[in-house]
Amino acid sequence: MDEASLRKQLQEARLRIEELEKDLGNAAEATCEDRYRQVFESAPGGMAIITREGHILLANSEAKRFLGLPENNAEHNVEDFYVDVKDRKRLLTLLTRDRHIRNFPVPMRRRDGVLLWASMSARAIDYGAQQANLVSFTDITEHREALRRLELDEIRFEKLYALSEMTQRSESEILDFALNAITEVTGSAIGYIYRLDETQTILTLHAWAGDVMEQCEVTDVPKEYHVDEEGLWMEPIRLRKAVLVNDYLNNPCKRGLPEGHVPIRNHLGIPVIEDDRIVFLAGVSNKAENYTEDDVRHLDLIMKGTWRIIQRRRSRAELNAARAELEETVRRRTDRLQQVNRELAGLNLELMEKDREREHARMELMRYQRIIETTPDLISLIDNNYRYVIVNQSYTRIFGLSRDAIVGQPVGILFGSLAFEEQFRPAIDRALKGETLTEATWLHLPDKGERYMSITYQPVRVEGDSTQYVSFEARDMTDLKRSEEDLKAIAERLDLATDAAHLGIWEWDLRTDDLLWDHKMFDLYQVPPMPSCELFHFWRSCLHPDDLAATEQQMARSIETKEPLYLEFRIIRPDGETRHIRLEGLVQVDDKEMPIRLIGISMDVTEQRNMEDELRTLASTDPLTGASNRRQFMSRLGEEFERCKRYNTSLVLLSLDIDHFKRINDTYGHPSGDDVLKELVSLCMSTLRTTDLFGRVGGEEFQAALTQTRIGAGQNTAERLRRRVERCKVETHGQTITFTISIGVTALRPDDESIEELLKRADEALYQAKRTGRNRIVIL
């Protein structure tokens, strides 16, 4: 039942109670005992006569039922039924001052412990020979619970929305916010969040609710808890589902509390599960009422939202770290490659020079002896008998022998006979046949150990000399070799980082349109590797048609301004699946500041976008019926009101309510009542136009705004909807339910200054429809 209907019934009950209070006051002074009891017992609400000390002298049947009193007149003190005794003191203070109290809402606890809400009226009377208070009260528990459920839904949506905006906060701040949210949304006095380790056996405390820690007097609080060693509060982990306990003291699974711990009345705990692994244990305790499945749902939604936000934050942090490492690695690799290129360019020039020198005869080689002598490379001339003819100074320095001790000796004397036979001789033979060859190998050199050498064998012909010669040049490339190995290791670490962060690396040559992708990029697009010259056209073909133009414009603007590129677009992969891709890139320029290439990274953010869409849907949709919730409907109605006022267009507002909905819930049960609500929403959505607004604004109260509609057409639509509902039969839980609705209709007037005036008229029209018999339409 919605708030307006409850208020109406409460008002009618209060008027009747006031009349009976007057009759009862007169009856207290009268001598007719039968008349007094008849008036007292026939009151629609609870009535009692209570002394100033709180003793219940007399109570009617409704009061006994409400408070759970026995039928006999055993004496009870009213203080036993107040949740907070301060409420009674405030009532007595008001009675002493005004001698009359009207409609004072107060929480009560029935004799069996059930929490109730009463709307209480009281006045001072003389009862016999003593002063007493005549107290009347109405049960407003259902009204308060309905308001509380609506309030909790709004709080939960607000908390989930606030969580979605906290990706820039620390993980500790996010968990602290979630801790406050779960205690607030469940109305609990105690809340806690624990982390579960990778072994799924040890819990580490994140935080308890702050006010609980102040009350707790446990001297030695453990930092870790073992799942197998703890009692009832570990059941959510062992069972891998939510565990709700409303009678904690009598539960056989509990193992007791440490000395000084806050007493526990009831408890609710849930595991937060990700990929079959529990990551958090969250729980709340000591709610004033019993925990329900609504509390399980609220707690589960908030903690799942918290985990998703933490995952997004971790992914962003990993991405930023990987990007920073990537940029630094690319910079170092670029610097090193530039240095190596310069060294290789110099080496190529030297080798070209030496190639020209080797084209001359041995006499020409002697002419350049001074140059050869000064180089750190091992340079020698070997004849066709594999003996040294010439060696430079590097030989004498490295091997510690004089030139005369080397010249004329076989090559094997310096490098060993095994190395000569297996390595040098085959290469020299090929050079003697006219082939120039270069090879790289590890050689053992005195005082230097194993060195990586680049060796060139060049055939040499000397004019007028029939002897064949081979020029032997060995250059130490150990440092370069190790640098290459270091670069390879860096590249492997880079691959690991991009794989861990699910990043694809790409490079686009603006001069040739060649596109280079690493293996992760092909994984993102779900295609096998293909030539770089075909990749750019393939990439354009994958772009979603609605995103193609905007994406190319942003890329063109980034190339023109040379500013970093940040964009997001959708792709359609070859298997037909649509994915959201985030792209970040940098423009590289030449020495004339002309753009020559784009380099960057890409990542799949589809799951992040899906979660954001889900949060937006939760914030604007009624979870039971699928209709717009009150906040969303009122926001849309406000926009439509402003548009109609601005352009002087028409608008009709329908306010509709299910007749006797409480009777449906009481007769068939709340699940059947929920099915009736869903069927009504289905009928409304199929009756209204797609341009009309429709939403659930209360328990069983709905509103619809008919755009571009006059009052006559609005009346016809309302009547058509009323007839469809009247003929509808809801088959639910093996029962058939029929129901009717009352509808208030009003149209936007030129003198309406605010939306509240329109809403007030629609509610008044609905009220008249209810008052005049229900299942009808009233127009104001």
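Here, every reference points to the structure presented above.
Residues numbered from 1 in each chain as written. Predicted model: local features only at pLDDT ≥ 70, side-chain atom pairs only at ≥ 80, totals over all residues. Heavy atoms only, no water.

A few points about the packing of aromatic side chains
Taken as a whole and judged by the stated rule, the model has 16 aromatic pairs. Both rings, one in Tyr-194 and one in Tyr-225, keep their centres 5.6 Å apart while their planes meet at 85°; by these two values the pair is edge-to-face. With Tyr-194 in strand S6 (residues 190–196) and Tyr-225 in strand S8 (residues 224–226), the pair connects residues that are 31 residues apart, well separated along the chain. Under the relative-accessibility criterion, Tyr-194 is labelled buried at 1%. Ring pairs connect the aromatic residues Trp-508, Phe-536, Trp-539 and Phe-569, which therefore count as one cluster. (Phe/Tyr/Trp six-rings, centres within 6.5 Å; stacked < 30°, edge-to-face > 60°. Helix = DSSP H or I, 4+ residues; strand = E, 2+ residues; numbered from the N terminus. Buried < 20%, exposed > 50% of the residue type's maximum accessible area, 1.4 Å probe, protein only.)

A few points about the pairing of strand S10 (residues 267–274)
Buried residues dominate S10, accounting for six of its eight residues. With three bridges joining them, strand S9 (residues 243–245) and S10 adopt antiparallel strand pairing. By the bridge assignment for S10, Val-245 is matched with His-267. By the bridge criterion, eight bridges tie S10 to strand S11 (residues 277–285) in an arrangement that is antiparallel. Residue Glu-274 lies in a different strand from S11, and its bridge partner there is Arg-277. Where S10 folds back onto S11 in an antiparallel hairpin, the turn is made up of two residues, including Asp-275, whose phi is positive at roughly 55°. (Pairing = 2+ DSSP bridges.)

So, the nonpolar core
Leu-654, Leu-656, Ile-658, Leu-680, Phe-739 and Ile-741 are the most contacted members of the largest nonpolar core, which has 29 residues in total. Elements represented by at least two residues in this core include exactly strand S22 (651–658), helix H22 (661–668), helix H23 (670–687), strand S24 (701–707), helix H24 (711–727) and strand S27 (741–747). At six residues, the largest contribution of residues to this core is made by H23. If near-sequence neighbours (up to four positions away) are discounted, Phe-739 is found in contact with Ile-658, Ile-664, Val-676, Leu-680, Val-725, Glu-726, Cys-728 and Val-730. Counting residues in each nonpolar core, the second largest holds 27 residues, with Val-391, Ile-406, Phe-420 and Ala-431 among its members. (Core = buried A, V, L, I, M, F, W, Y, C linked by side-chain atoms within 4.5 Å. Contact = heavy atoms within 4.5 Å.)

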